[in-house]
Structure formats: C-alpha cells, structure tokens
Amino acid sequence: MSDSAPESRPATAKAIPLGTGTRRWLFRPPRRHGEADTSRSVSFLELFYDLVYVVLVGQAAHTLAEDLTWRGTATFAVLFGLIWIAWLNGTLFYELHGREDGHTRSLIFVQMLLLSLMAVYVGHADGDDGRTLAALYALLLALLSYQWYSVYRQDEPELRKTPRRYLIVMVAGIILIAASVPLSADARLAVWAVFVVAWTGVECVILIFWRRTPTYEVVTDTMVERFGLFIIIVLGEVVIGVVNGLTETERSALVTTTGLLGLAIGFGFWWNYADLVSRRLPRETGHSLATWIFIHLPLAMAVAAAGAGMVGLVEHATDHRAPAAVSWLMAGSVAVMLLTTVGLLPTLADYDRYLSAYKSVQAVLATAAVLALLAGWSRPAPWLLALTLWLLLSVTWVFAFVRWLSQGSLINERTAE
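### Brief notes about unusual backbone geometry
Link 1 in the chain: Backbone geometry at Arg279 places phi at a positive 60 degrees, although glycine is not the residue there.
Link 2 in the chain: Considering the arrangement of structural elements, one finds Arg279 in the loop between helix H9 (253-276) and helix H10 (286-294).

### Section: helix H11 (residues 296-315)
Link 1 in the chain: End to end, H11 covers 30 Å across 20 residues, agreeing with the expected 28 Å (1.5 Å per residue, within 8%).
Link 2 in the chain: Its axis deflected by about 30 degrees at Gly309, H11 carries its strongest bend there.
Link 3 in the chain: H11 sits mainly inside the fold: 17 of its 20 residues count as buried.

### Let's talk about the packing of helix H3 (residues 70-97) against helix H8 (residues 221-247)
Link 1 in the chain: Relative to each other, H3 and H8 sit at 150 degrees, their axes nearing to 11 Å. Between H3 and H8, the angle is such that the two are roughly antiparallel. Between H3 and H8 lies a crossing whose hand is right-handed. Note on element contacts: H8 touches H3 through Thr222, Met223, Arg226, Phe227, Phe230 and Val234, opposite Phe80, Trp84, Trp87, Leu88, Thr91, Leu92, Glu95 and Leu96.
Link 2 in the chain: Classifying every residue of the contact of H3 with H8 gives ten nonpolar, two polar and two charged.

### Side note on the packing of aromatic side chains
Link 1 in the chain: Taken as a whole and assessed by the stated rule, the structure comprises 20 aromatic pairs.
Link 2 in the chain: A ring pair is formed by Tyr354 and Trp404, whose centres lie 6.3 Å apart and whose planes are at 50 degrees; its orientation type is tilted. Taken together, the residues span a long stretch of sequence, with Tyr354 in the loop between helix H12 (324-344) and helix H13 (355-378) and Trp404 in helix H14 (residues 382-406) at a distance of 50 residues.
Link 3 in the chain: The positively charged end of Arg160 is found above the aromatic ring belonging to Tyr152, 5.2 Å away from the centroid.

Parameters at a glance
- Residues numbered from 1 in each chain as written.
- Predicted model: local features only at pLDDT ≥ 70, side-chain atom pairs only at ≥ 80, totals over all residues.
- Heavy atoms only, no water.
- Helix = DSSP H or I, 4+ residues; strand = E, 2+ residues; numbered from the N terminus.
- Expected span 1.5 Å × (residues − 1).
- Bend = angle between axes of the 7 residues up to and from the residue.
- Buried < 20%, exposed > 50% of the residue type's maximum accessible area, 1.4 Å probe, protein only.
- Axes fitted to C-alpha atoms, helices over the stretch in contact; angles between N-to-C directions.
- Parallel < 35°, antiparallel > 145°, perpendicular 65-115°, else oblique.
- Left-handed = near helix turned anticlockwise from the far one by under 90°.
- Contact = heavy atoms within 4.5 Å.
- Nonpolar A, V, L, I, M, F, W, Y, C, P; charged D, E, K, R; others polar.
- Phe/Tyr/Trp six-rings, centres within 6.5 Å; stacked < 30°, edge-to-face > 60°.
- Lys NZ or Arg CZ within 6 Å of the ring centre and 35° of its normal.

Shown next, in the form of structure tokens:
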C-alpha cells in the first residue's frame, strides 16, 4: 500500500429522479419580491424576446412615416405607449422574478406569439384591424397579470400591499382595452390613449410609494442594460428610415448626403444616451426610480419617431425648405430626446457626486432643445436641418466630455473600465 494520501476526487451532484426534475423545471414558482438576482447577466432569451419588439416598433414607425399628420402622430404615440407598457411588464417580471427554467421560458414564448400576432395588426390599428389588436392586447395583459399574480400568491403578507395595487391596475387595464374592441376607430384610439396615460401615471405613483423607504434592492446592472437595449432597438428605426428613404428616392449627391446626415443624428442620439445615461444605476428611492423608468417612454418614443421622419427627410432632400411635418417631427424628436435626458440625470446614483458637472450639462441640453425647436420652426433645407440637429447633439456631447475631463473623469467610467 502506498504511503501517499489518496487522490481527491471531485464531488458529484446527487442524481435527481426524472419526474422530480421535470416537475421542478416546469412548475417551479417565480422568485418572490426581495429575491432579485444581482449577479446574473442578460440572457439569450431576453434578447430573443426584445427582437419581437423590433418588429412591433418597426410597424408603428412605418405607419407614421406614411402619415405625417397630427392624427398619424397621435396614433403612433398611443401605439408606442401600448408597446412600451407591454415591454416594461415583460422585462421587469423576468428581471425581478424570472428563472432559467421551463416555466419562465414557456410563458415568455407565449408572450412572443401574442406579440407577433399583434405586429400583423399594428400597421392599420386606426381601422378595423384595431379591433383584433385590442383583443390580442387584452389577452397579453391577462397573461402578464397572471405572471404577477403568481408572485403575489407566494409573497410574504407584509409585502403584498404594493403587488395587490399593481394587479388591480392591470385588471382595470384589461377591462378598458377589452371594452374598446367594439368601438369605432376614433373612440378606440381615445380609449387606448386614456389607458396609456392612466396606466403610466397610476403605476408611477404606486412605484413612488413602494420605494419611499426601500427595504431591499431592485435596481441591478441587468435592469439598466435592458432599458439601454430597448433604446438600441428604437435607434435601429433611424437606420431603417434612412435606408428606406434612399431606396425609395432617386439618388443623387444631395439626397445621399442628406441621408448620411440623418444617420448622423442617430449617432448623436447614441453618443448622448450611451455616455450620459446608459450603464449608470438609478437611485433606489421612489421618485428617482419611478422617474428613471417612466421617462424612458417619451425618450424611446422620440428616437423611434425620428426614424419615421428620416424617410420624409430623404425623400424631400432636393426641396428648398423641409416640409413642415418633417421639420417639426425631426426637431421635436431631438428636443424631446434632449429634455428627457435632462430629466434622467438627477435620477442617477452618481448625480450628487458630480453635481456641478451634471447641472452644467443639463443647462446645455436644455438650450440645445430650444435651438432644435427653433430649427424646426424655421424649416431650412432638409440637408441643413439634419446638419443643424446633428451639430446640436454633437455640441452637447462634446461639452459633457470636456466637463467630465475637467473633473478628472471620463463621461462613463464604467465604459472606460
């Protein structure tokens, strides 16, 4: 017998019976409130889920590009609100309560089926297709409500107050959307608008009271990343808008230049959001977290609307003045993007750390927003409008970059790491 110590062998996991393992994988309940996984990363399933929203947003933006009227813009805003609310519910549920198991995957795939069907009807939602869209959306809200109820059912009694309020609002939303099915197109759109405004307003208030004195953390790196990924989704509409405009127009040096300048506006959106907002954690407290979440709705909507405006911008590239609808849509989108960024900055966890820098950046962003609206009002040639808006976005980023360097820091420290 050898005098040496026996070799150490790796421990093996205990075998799980097939039936037990299958039941656990398929029927394991979601994580309760207070059990957020702060160490996880964004999964392939979440990325796949977001791809469906690429189609939904694309359909809505395409419809706006073909109908640059007040009604078309209002319809786009309402539809985008419906889409964003669905995305928010699905994203936050997975972030706070989802697991890497068959139960969570199955529910997400059912959502994706409903969302894919909705995309078929979004393009003509202001007509008869709106009835089918409303019915599908009510079913989607019912599924999302079931998911939230599955969490509420297993929560500790002292943690059920806020989820109960959330569920009441969700059920009220289902009833309201379902009631819009038999209405006329105009009445149905009005009901949807009421739903979007009321749902976001009430849920924002609920969130503020819930996080007034946080007892556990809900803000994670993955949550911030998911919101950033949605901005990437709507930024894709800028690229699509430019490509569609160049495809449908007789190309010349001026037309191509206008398209490239339009694309540069998208770059300006990305630079400002990526370095000023993305990958920066918001505060855990109610007002800050609620503002951070819900201000992403008009921000994302503005970027997507700019994508729709790109088509008209390129198509009218040879005009002496940009059409009023195109000019106001592009300038308004840039202004809203800048102003929502102003509102987002105070919600960030490091705002007080760089208070003087942030305040000066906010002032420049607000000034640029006013100048963008003045550019839209003046209606210069499309190429000049695009150049002006791009320069305004560039100036805001350059100012922020210089301001942060003066404090011995890069704009986004986490990116630098």
